[in-house]
Amino acid sequence: GHHIHYCELTTSTNELAKRLAGEGCEDGLVVIAEEQNSGKGRLSRGWFSPFARGVWFSVVLKPPFMPQEASKCTLLAAIAVVKAVNKYKGVQASIKWPNDVLLDGKKLVGILTEMSAEFGRINYIVIGTGINVNVPKEMVPEELRATAVSLADVAREPISRVELLADVLGYMEELYEKVLHEGFKPVLEEWKKYSSTLGQQVKVIAPDQTYFGEAVDIDEDGLLMVKREDGRIEKVIAGDVSI
Ligand code: BTN
């Protein structure tokens, strides 16, 4: 029974959700658009969001977390999406830390978490999720063609975007409740089950340095722990990890 703010076209559901959150909307508001003409990705990239071809949405949360725990929300969203998409026949997606959902090594889903915090407290978190449902290859911009995938390219059954959204939201709610009542531990364990990052050699491009190492674990706040060649363990807060 959450409110859904639906629109045919918006710039970015994250931008709209942040505006509504700033105006004091309730915890759990969902903003969804058929099309975004200025969809946002991480690291100042864009997100291709053509009309009725995907599930482009954002959820506003007001969790009782510290700002440094915000990445828990990203992990939780990734698990929810993987559980929902993996129900389709022939689909086995996995999570690349922190926020990519990959299918056959290509990007099926992107998640962009944005936060507003003041005086060490979170005002709100916006979790924006984009699921490529049926974006035909010829529609995909040239530079993304090799790395993007749609659910319809792989699933061996028809996909209803409404059902998919309802399923993802159901899992998100379940996982969020679990974090609130049982803590992050059980959710983290579930995340590890779907992870394609742990145990891999990774290249970390952090804001201030680039290095190689092995992704060994995720800490209790959802940060990736990478063991460098000299044995030191680094916690990755932000940046890009490639396998
Ligand atoms: C990424 O992988 O770079 C993150 C992409 C996030 C895309 C989604 S689509 C819905 C929401 N609104 C946006 O503008 N971005 C997110």
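Just above sits the structure.
Residues numbered from 1 in each chain as written. Predicted model: local features only at pLDDT ≥ 70, side-chain atom pairs only at ≥ 80, totals over all residues. Heavy atoms only, no water.

Turning next to the environment of Val31. Within the fold, Val31 resides in strand β2 (residues 30–36). The spatial distance from the C-alpha of Val31 to the C-alpha of Glu15 is 9.9 Å, given a sequence separation of 16 residues. (Helix = DSSP H or I, 4+ residues; strand = E, 2+ residues; numbered from the N terminus.)

Inspection of the secondary structure puts Val109 in strand β6 (residues 106–118). The residues contacting Val109, other than those within four sequence positions of it, are Trp47, Val81, Asn99, Asp100, Val101, Thr129, Gly130 and Ile131. (Contact = heavy atoms within 4.5 Å.)

So, on to the packing of aromatic side chains. Tallied over the entire structure, the rule returns zero aromatic pairs. Sitting over the ring of Phe65, Lys72 keeps its end group 5.2 Å from the ring centre. (Phe/Tyr/Trp six-rings, centres within 6.5 Å; stacked < 30°, edge-to-face > 60°. Lys NZ or Arg CZ within 6 Å of the ring centre and 35° of its normal.)

Here we take up the environment of Asp217. Here Asp217 is to be found in strand β9 (residues 210–218). Look at Asp217 and you get partly exposed, because its relative accessible area is 27%. Each C-alpha atom, one on Asp217 and one on Ile131, is 26 Å from the other, the two residues being 86 residues apart in sequence. Sequence-distant contacts of Asp217, that is, excluding residues within four places in its chain, are made with Lys192, Leu198, Leu223, Leu224 and Met225. (Buried < 20%, exposed > 50% of the residue type's maximum accessible area, 1.4 Å probe, protein only.)

Moving on, we get to the site of the ligand. Taken together, 20 residues form the shell around the ligand, and within it Ser12, Gln36, Lys40, Arg42 and Lys107 come nearest. One nitrogen or oxygen atom from the side chain of Thr13 is found 3.0 Å from a nitrogen atom belonging to the ligand. Here a nitrogen atom of the ligand and a side-chain polar atom of Gln36 are 2.9 Å apart. Protein coverage of the free-state accessible area of the ligand, which is 420 Å², stands at 99%. Of all elements in the fold, only α1 (13–22), β3 (54–61), β6 and β7 (121–132) reach the threshold of two or more residues within the shell around the ligand. A per-element tally of the shell around the ligand places β6 first, with four residues. Its residues assigned to classes, the shell around the ligand comprises four nonpolar, twelve polar and four charged. (Near = heavy atom within 4 Å. Polar contact = N/O pair within 3.5 Å; in protein donor to acceptor, adjacent residues only side chain to side chain. Areas by Shrake-Rupley, 256 points an atom, 1.4 Å probe, with all protein chains shown as cover. Nonpolar A, V, L, I, M, F, W, Y, C, P; charged D, E, K, R; others polar.)

This brings us to unusual backbone geometry. Look at Ala52: it is not a glycine, yet its phi comes out positive at around 60°. The backbone of Asp104 shows a phi angle near 50°, a positive value even though the residue is not glycine. Tracing the chain through its elements places Asp104 in the loop between β5 (100–103) and β6.

This next bit is on the pairing of β7. In terms of burial, β7 is largely enclosed, as ten of its twelve residues are buried. Bridge count between β3 and β7: eight bridges; the pairing is antiparallel. Within β7, the residue paired with Val60 across the bridge is Val126. Inspection of the sheet shows β6 paired to β7 by ten bridges, in the antiparallel sense. Within the sheet, the bridge partner assigned to Glu118 lies in β7 and is Arg121. Counting the residues that bridge the hairpin from β6 to β7 gives two residues, and of these Phe119 lies at a positive phi of roughly 50°. (Pairing = 2+ DSSP bridges.)

Let us look at the side chain of Lys72. Here Lys72 lies in helix α2 (residues 71–85). One polar contact links Lys72 to Glu69, side chain to side chain, over a distance of 2.6 Å. Setting aside residues no more than four positions away along its own chain, Lys72 makes contact with Phe65, Phe184, Glu220 and Asp221.

Bringing the pattern of salt bridges into the picture now. This model, assessed by the stated rule, comprises 18 salt bridges. A salt bridge links Glu114 to Lys18; the shortest N-O distance between them is 2.8 Å. Of this pair, Glu114 sits in strand β6 while Lys18 sits in helix α1, and the two are 96 residues apart along the sequence. For Glu114, a relative accessible area of 16% puts it in the buried group. Lys137 is the salt-bridge partner of Asp153, the closest N and O atoms lying 3.6 Å from each other. Highlighted residues: Asp153 in helix α3 (residues 151–154) and Lys137 in the loop between β7 and α3, separated in sequence by 16 residues. Owing to a relative accessible area of 32%, Lys137 belongs among the partly exposed residues under this scheme. Beyond isolated ion pairs, a larger network of salt bridges with shared partners links Glu15, Lys18, Lys40 and Glu114. (Salt bridge = Lys/Arg side-chain N within 4 Å of Asp/Glu carboxyl O.)

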